[in-house]
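# Overview (structure and organization)
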Amino acid sequence: MSVQDQVPVSSGPPKGIGPMQRREMWLAYLMLAPTFAIILLIVAGPLLANFWISVKPVQLADLRPPTVLVNERLRGKPETAGDSATLEYRLRNSSRDEEIRDVVLKDEIPDGFSAVSMPEYCSIDGRALTCAIGTVEAGWRDRLRLEGTVSESFLTADRPERESEPVVSGDANNVLTSLEFTFENFQRLFSADEFWSVLRVTFYYTIFGTGGALVLGLFAAQLMNTAFTGRGFVRGLFLFPYVSPVIAVAFTWVVLFDPFSGSFNTLLTRMGVVSDPINFFGQRAIEFSVFGLPLEFPLALSTVIAFEAWRYFPLSFLFILARMQSINTDMYEAAEMDGATPLQQFWYLSLPQLMGILSVLFLLRFIWTFNKFDDIFLLTGGNAGTRTLTVDVYEQGFALSNLGAGAAVAVVVFVVLVTFATLFIRFSPKEEGL
């Protein structure tokens, strides 16, 4: 038997990981654990809190747990030692729905005040006052009075009753931290006709705003992909809507389209296009008919969508232009020699190469536009048919002080976006060659 026959033949590289690699892997996980924990806390913490609030009937006032509020005052006007005075505590339950149990008030009697009479549930040890009030019902109010006399040291002191702050302790149910859950917020949300109208407006605004920004960005990138004099200056102008503060550009659009003093309305009326000024941000719809069929054009919503497309097309423009400039130009030269028109070159050569970046931009812009709040709130305040889900979150949670309903709407926004992102990533077109 030869030496080669005695040496075993390897069937391939070893499979799996060895003990040393396994220890290094766990060491790497251990070193990255603080980073993972911080990210999880930042991302998952607010998300879980929002889900928690959405299944509770939480009002804005429930953020502060029920407590007994106290205000200490001195009644009477003692002028000489031995005059009578009254030390009064005004007590109030801050909640109108929840009782507070085992309420105890503690304070320090001012120096020079000698109590003569007090409620039976109060006791004084030296200068320490303790009043075991017990259980107080919702909306409870009361006055606790200590009758007594004052000495010279009390009279010479500057407001001695303010030297110590009274402390009140008690135990109460807090709807925010309790383990009682309800789906009442979601039931009211889905049973309201207004919600489905707001949902339709949100999708209308998001789809057309995203599509408009991508189309404008694609046109701008196609224009900037051609060399001409002043291209750098024009490119800078294209970036202006995106880098400007939203409050500035929103105010500019409101002034520009103002029905009374706006330049755009003045231009339309002077040219004879319209007889009366148009309230672009305040008029819900314009009625017209096509072949006798009455239709409505959502004017305010369309104007907001135009603002959305104008403000955010520079982001799409930058990404699309960068991808265009990375495409090999040899195939364009070959297509031109074969007689392909510029439109055919764009449709059959450029567009397939841009599908990847267009898909990513559409996904990102859809998520950002769906969550957009400041643009709509600054332009219309959610009026005239422009109320979206994010505006509804604000109005439910803060305008109506119903945090539970606002959180429920936010959960719907989250579910819609996660569902859309999952389906889009699964079925979105891929760039050729990938």
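For the structure itself, consult the block above.
Residues numbered from 1 in each chain as written. Predicted model: local features only at pLDDT ≥ 70, side-chain atom pairs only at ≥ 80, totals over all residues. Heavy atoms only, no water.

Within the protein chain one finds 14 helices and 10 strands. A compact globule built from 434 residues should have a C-alpha radius of gyration of about 22 Å, whereas the protein chain, at 35 Å, is more than 25% larger. The buried share of the protein chain, taken over its 434 residues, is 36%. The contacts in the protein chain between residues at least 6 apart in sequence include a share of 72% that link residues at least 24 apart. Of the roughly 26500 Å² of accessible surface on the protein chain, 62% is carried by carbon and sulfur atoms. Within the protein chain, the 44 negative side-chain charges are centred at a point lying 3 Å from the centre of the 32 positive side-chain charges. (Helix = DSSP H or I, 4+ residues; strand = E, 2+ residues; numbered from the N terminus. Rg over C-alpha atoms; globule rule 2.2 N^0.38 Å. Buried < 20%, exposed > 50% of the residue type's maximum accessible area, 1.4 Å probe, protein only. Contact = heavy atoms within 4.5 Å. Areas by Shrake-Rupley, 256 points an atom, 1.4 Å probe, with all protein chains shown as cover. Lys, Arg positive; Asp, Glu negative; His and termini not counted. Charge placed at Lys NZ, Arg CZ, Asp CG, Glu CD.)

Looking now at the packing of helix α11 (residues 342–370) against helix α14 (residues 403–427). Between α11 and α14, the least distance of the axes is 11 Å, while the angle of their chain directions is 175°. On the basis of their axis angle, the class for α11 and α14 is roughly antiparallel. Here S359, F362, L363, F366, I367 and F370 of α11 come into contact with α14, specifically with V413, V416, L417, F420, A421, F424 and I425. Across the contact of α11 with α14, the residue classes break down as 12 nonpolar, 1 polar and no charged. (Axes fitted to C-alpha atoms, helices over the stretch in contact; angles between N-to-C directions. Parallel < 35°, antiparallel > 145°, perpendicular 65-115°, else oblique. Nonpolar A, V, L, I, M, F, W, Y, C, P; charged D, E, K, R; others polar.)

Following the criterion strictly, the structure yields 1 disulfide and no others. Paired by a disulfide, C122 and C131 hold their sulfur atoms 2.0 Å apart. Between C122 and C131, the S-S torsion sits near 115°, and that sign places the bridge as right-handed. Overall, the relative accessible area of 8% leaves C122 in the buried class. The class of C131 is buried, set by a relative accessible area of 0%. (Disulfide = S-S within 2.5 Å.)

Attention shifts here to unusual backbone geometry. Backbone geometry places D102, a non-glycine residue, at a positive phi of 55°. Relative to the helices and strands, D102 resides in strand β3 (residues 100–108). Taking the relative accessible area as the measure of exposure, D102 reaches 56% and is therefore exposed. For R159, which is not glycine, the phi torsion reads 50° and is therefore positive. Residue position: R159 is located in the loop between α3 (152–156) and β8 (167–172).

The next point concerns the packing of helix α5 (residues 193–224) against helix α9 (residues 299–324). Relative to each other, α5 and α9 sit at 40°, their axes nearing to 5 Å. By the angle between their directions, the pair α5 and α9 is classed as oblique. For the element pair α5 and α9, the recorded crossing hand is right-handed. (Left-handed = near helix turned anticlockwise from the far one by under 90°.)

Our next topic: helix α4 (residues 184–191). Here α4 has its buried residues at N185, F186 and L189. Across the axial projection of α4, the buried residues extend over an arc of 90°, all falling on one side. In α4, those exposed residues whose orientation departs by more than 90 degrees from the buried face are Q187, R188 and S191. (Arc of directions from axis to C-beta.)

The sheet built from 4 strands is open, its strands ordered β5-β6-β3-β8 with antiparallel pairing. At either end of the open sheet lies a strand with only one pairing partner, and these are β5 (122–125) and β8. Looking at each pair of strands side by side, their axes are set apart by 15° on average, direction ignored. In the sheet, β5 pairs with strand β6 (residues 128–136) via 4 bridges, with the strands oriented antiparallel. Counterpart to S123 in the pairing with β6 is T130. (Pairing = 2+ DSSP bridges.)

This part takes up a nonpolar patch on the surface. A surface patch of nonpolar side chains, amounting to about 620 Å² of accessible area, comprises F288, V290, F291, L293, L295 and F297. Elements with a minimum of two residues in the nonpolar patch: β9 (286–290) and β10 (293–297). Mapped onto the elements, F291 comes out in the loop between β9 and β10. Relative accessible area serves as the criterion here: at 86%, F291 is assigned to the exposed category. (Patch = residues over 30% accessible without salt bridge, like charges linked within 9 Å, V, L, I, M, F, W, Y side chains within 5 Å. Salt bridge = Lys/Arg side-chain N within 4 Å of Asp/Glu carboxyl O.)

Turning next to the packing of aromatic side chains. Tallied over the entire structure, the rule returns 32 aromatic pairs. Each ring, one from Y204 and one from F208, has its centre 4.7 Å from the other, and the planes form 40°; the classification is tilted. Here F208 and Y204 lie together in helix α5, a separation of 4 residues that amounts to about one turn. With a relative accessible area of 47%, F208 lands in the partly exposed category. Between F366 and F420, the aromatic rings sit 3.8 Å apart at their centres with planes inclined by 20°, giving stacked as the arrangement. (Phe/Tyr/Trp six-rings, centres within 6.5 Å; stacked < 30°, edge-to-face > 60°.)

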